[in-house]
Amino acid sequence: MSLPVTRISMAERSHRLARLVADQLAKRQKPDGTFEQHSFYAPAFAAALWAQLDPALYAPQIEAALPALEAEQQTPRYHREFIEYGLRQIPGLSDKRLATILRNAPTQSPDVANWQVLGMINRYLSLKKGAGKNRKLINWLHWAFIRPRYWRAPLFWDRPTCFSGQYHAFCAALLTDSPEAAHRIIAAKATALIAELSGDHGYANLLGRGAGQSFGAVCALYALTKHGFQPQADAILFRLETAALMTGTIPLNLLSPADLPSDPGPTNPATPGWYSYNRHDDYLAFAGYWLLKIATSPTPPKPQPTAPKLKAAPIAIFSNANYQAQMCLRGKRSFDASPCPVVLSGSGTTATLLFAPTGGEEDVPSLYGPASIPLPATSDGKYFAQICKASRTKNTVRINFKLAGVSGQRTITFEDTQITITDKIATKCDLLRLLVHHDVKLIQTTKQQLHTPDLGITFKVDQDLVIDDANHFTAAGLARRVITPHTDHATLRICWGTDDD
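Described in the following lines is the structure provided in the data block. (Residues numbered from 1 in each chain as written. Predicted model: local features only at pLDDT ≥ 70, side-chain atom pairs only at ≥ 80, totals over all residues. Heavy atoms only, no water.)

**Some remarks on the overall build of the chain**
For step 1, the next point in the chain: Assigned secondary structure in the chain consists of 12 helices and 16 strands.
For step 2, the next point in the chain: Against the compact-globule benchmark of 23 Å for 501 residues, the chain has a radius of gyration of 23 Å, which places it among compact chains.
For step 3, the next point in the chain: On the principal axes, the C-alpha backbone points of the chain span a range of 70 × 45 × 45 Å.
For step 4, the next point in the chain: Sorting the 501 residues of the chain into buried and exposed places 59% on the buried side.
For step 5, the next point in the chain: Taking the contacts inside the chain whose residues are at least 6 apart along the sequence as the reference set, 66% of them involve residues at least 24 apart.
For step 6, the next point in the chain: Element-wise, carbon and sulfur atoms account for 53% of the exposed surface of the chain, whose accessible area totals about 20,200 Å².
For step 7, the next point in the chain: The chain carries 52 positive and 42 negative side-chain charges, and their two centres are separated by 8 Å. (Helix = DSSP H or I, 4+ residues; strand = E, 2+ residues; numbered from the N terminus. Rg over C-alpha atoms; globule rule 2.2 N^0.38 Å. Buried < 20%, exposed > 50% of the residue type's maximum accessible area, 1.4 Å probe, protein only. Contact = heavy atoms within 4.5 Å. Areas by Shrake-Rupley, 256 points an atom, 1.4 Å probe, with all protein chains shown as cover. Lys, Arg positive; Asp, Glu negative; His and termini not counted. Charge placed at Lys NZ, Arg CZ, Asp CG, Glu CD.)

Written out as structure tokens, the structure reads:
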């Protein structure tokens, strides 16, 4: 199915993508109702998509999916909250069939905002069908737990003290649909932050866990459309359409748009942006559901909401005509905090990733070990720096780190035509170690200078530079590492346009 090139409405564009996804899922479904690769909740969301899009056309697929859900083993990794939400979106599904599928599976209820909000919303959906009224009190108590633990206006934590653009967007999308006015008020504030993060480039989830994944993009798209941020929503939809045209699907990771291979994992470099719990069929069905929801729930035009105040927020966004830079200043894992800013050069949907998101799942082996984090390391490659603290003052971010027991500091200053990064430490080691996206053409013109002719950017350092072309990975795929080897200080200026200094 090809996508049109003519200008049509956002609802029509979303509907075409949802139809594309529905057809793909129908082809990928096996006779027993499951999918080609193991999935956690794909049958539930796929059935919801098929049932809302065209129940007669997809009747065989729906009828195969439901018995597959009934037969699924409810292991400790059973995604009860996601499966229940998907099932509750199937028109006409009886309470008896729902109970048969879910049986006595407990909720996961991890200490993660999006799971907690999803569990609460599921109870609201059951109330609409006449469930016990005591659930109103349970939901009130649950909200009283969620709000102080995860909400720090204008953002939701992913886990306490950790931010993820992806899961912030999912919380915003879920609460946007809530019947509770208090939920919708917070959803509007959370969506204003999504608009700031998306800008006009169309990447809503560049920070934290799940960077660049389609899961967060479709949630952001839905929230933005419902709250009146049409230009930002249009840019995200453009990114989704472009990925579909390039790959024939909605890829798991929009920063590296390709279908996952049959053997995804940390030993396969064809799976950037992948974590151990990711399943393409899950994300495909999830994306199709939210795209159809956008297409079938039009929103009347609204005045442009005001941007959130971010002065005291644990994230930093710097935007001007030359670039947008984003950073997380707090976190517990390598994928939470940003030792190097995520930088998009240029503006609009032609903006190019200069420094892509780094880090990733570390509960199991992945492509993103300690060596992949863009912080200093010992020259023998045995020890890698770790962030101790990050803070912001106006246009400057300071990061304190430790390397093999020695304290060091990185200072990053953002100006209209340049970004300056200074590393200092009281020992000789490899400094900077920044990862430049593989699509950026990088030419070394002198020992202390690099040039990107396509972007008009010059890298100038007060030490000798080395470009390491070995296989280094970001959430957007391969990257080239820029290093100042065996020194105790280095200052890099990344300059846009002409610079005569």
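**Some remarks on the side chain of D430**
For step 1, the next point in the chain: Positionally, D430 belongs in strand β11 (residues 418-437).
For step 2, the next point in the chain: One polar contact links D430 to S379, side chain to side chain, over a distance of 3.0 Å.
For step 3, the next point in the chain: In this view, D430 contacts P376, A377, T378, S379, I483, T484, P485 and H486; residues no more than four positions away in its chain are not counted. (Polar contact = N/O pair within 3.5 Å; in protein donor to acceptor, adjacent residues only side chain to side chain.)

**Quick notes on the pattern of salt bridges**
For step 1, the next point in the chain: Summed over all chains, the structure comprises 14 salt bridges.
For step 2, the next point in the chain: Of the charged contacts, one joins E84 and R80 as a salt bridge, the two residues approaching to 3.1 Å between their closest N and O atoms. Residue E84 and its partner R80 are located together in helix α4 (residues 80-88), separated by four residues, close to a single helical turn.
For step 3, the next point in the chain: Several salt bridges converge on common partners, so that one network encompasses D158, R159, R209 and D336. (Salt bridge = Lys/Arg side-chain N within 4 Å of Asp/Glu carboxyl O.)

**Observations regarding a nonpolar patch on the surface**
For step 1, the next point in the chain: On the surface, L137, W140 and L141 cluster together into a nonpolar patch covering about 360 Å² of accessible area.
For step 2, the next point in the chain: Structurally, the position occupied by W140 is in helix α7 (residues 134-150). (Patch = residues over 30% accessible without salt bridge, like charges linked within 9 Å, V, L, I, M, F, W, Y side chains within 5 Å.)

**Side note on the sheet that holds strand β1 (residues 151-152)**
For step 1, the next point in the chain: Sheet architecture is open: three strands sit in the order β1-β2-β3, paired in antiparallel fashion. Across the chains shown, the open sheet's two edge strands, defined by having one partner strand only, are β1 and β3 (162-163).
For step 2, the next point in the chain: Both β1 and strand β2 (residues 155-159) contribute to a ladder of two bridges, which runs antiparallel. Paired with W151 across the bridge in β2 is F156.
For step 3, the next point in the chain: Of the strands in this sheet, β2 and β3 touch helix α8 (residues 165-176), which is tilted by about 120° from β2. (Pairing = 2+ DSSP bridges. Axes fitted to C-alpha atoms, helices over the stretch in contact; angles between N-to-C directions.)

**Observations concerning unusual backbone geometry**
For step 1, the next point in the chain: P154 follows A153 through a cis peptide bond whose omega is 5°.
For step 2, the next point in the chain: Within the fold, P154 resides in the loop between β1 and β2.
For step 3, the next point in the chain: Phi is positive for R103, which is not a glycine, with a value near 50°.
For step 4, the next point in the chain: Within the secondary structure layout, R103 lies in the loop between α5 (95-102) and α6 (113-128).
For step 5, the next point in the chain: Overall, the relative accessible area of 34% leaves R103 in the partly exposed class.
For step 6, the next point in the chain: At L432, a position not held by glycine, the phi torsion is positive, near 65°.
For step 7, the next point in the chain: Within the secondary structure, L432 sits in strand β11.

**Some points on the nonpolar core**
For step 1, the next point in the chain: Membership of the largest hydrophobic core comes to 120 residues, with the highest contact counts inside it found for W50, L87, L240, F286 and W290.
For step 2, the next point in the chain: Apart from residues no more than four positions distant in its own chain, F286 is found in contact with Y41, F45, F82, F170, F215, V218 and C219.
For step 3, the next point in the chain: Counting residues in hydrophobic clusters, the runner-up holds 32 residues, among them M327, A390, L432 and V461. (Core = buried A, V, L, I, M, F, W, Y, C linked by side-chain atoms within 4.5 Å.)

**Here we look at α4**
For step 1, the next point in the chain: Counting buried positions along α4 yields nine of nine residues, so the element is predominantly enclosed.
For step 2, the next point in the chain: Within α4, the full set of buried residues consists of R80, E81, F82, I83, E84, Y85, G86, L87 and R88.

**A look at the pairing of β11**
For step 1, the next point in the chain: Counting buried positions along β11 gives 16 out of 20 residues, so the element sits mostly inside the fold.
For step 2, the next point in the chain: Across seven bridges, strand β10 (residues 406-414) lies against β11 in antiparallel orientation. Considered in β11, the bridge of R410 is made with D423.
For step 3, the next point in the chain: What sits between the antiparallel neighbours β10 and β11 is a turn of three residues.
For step 4, the next point in the chain: Examined bridge by bridge, β11 and strand β16 (residues 477-496) share 14 bridges and lie antiparallel to one another.

**Examining the environment of P160**
For step 1, the next point in the chain: Assignment of secondary structure puts P160 in the loop between β2 and β3.
For step 2, the next point in the chain: Through-space distance from the C-alpha of P160 to that of L245 is 38 Å; in sequence the pair is 85 residues apart.
For step 3, the next point in the chain: Each residue touching P160, except ones within four places of it in the same chain, is listed here: D111, R149, Y150 and K332.

**Considering the side chain of S372**
For step 1, the next point in the chain: With respect to the element layout, S372 can be found in the loop between β7 (352-355) and β8 (386-393).
For step 2, the next point in the chain: Residue classification places S372 among the buried positions, given a relative accessible area of 8%.
For step 3, the next point in the chain: Filtering out sequence-adjacent residues up to four positions away, S372 remains in contact with T358, L367, L435, F473 and R481.

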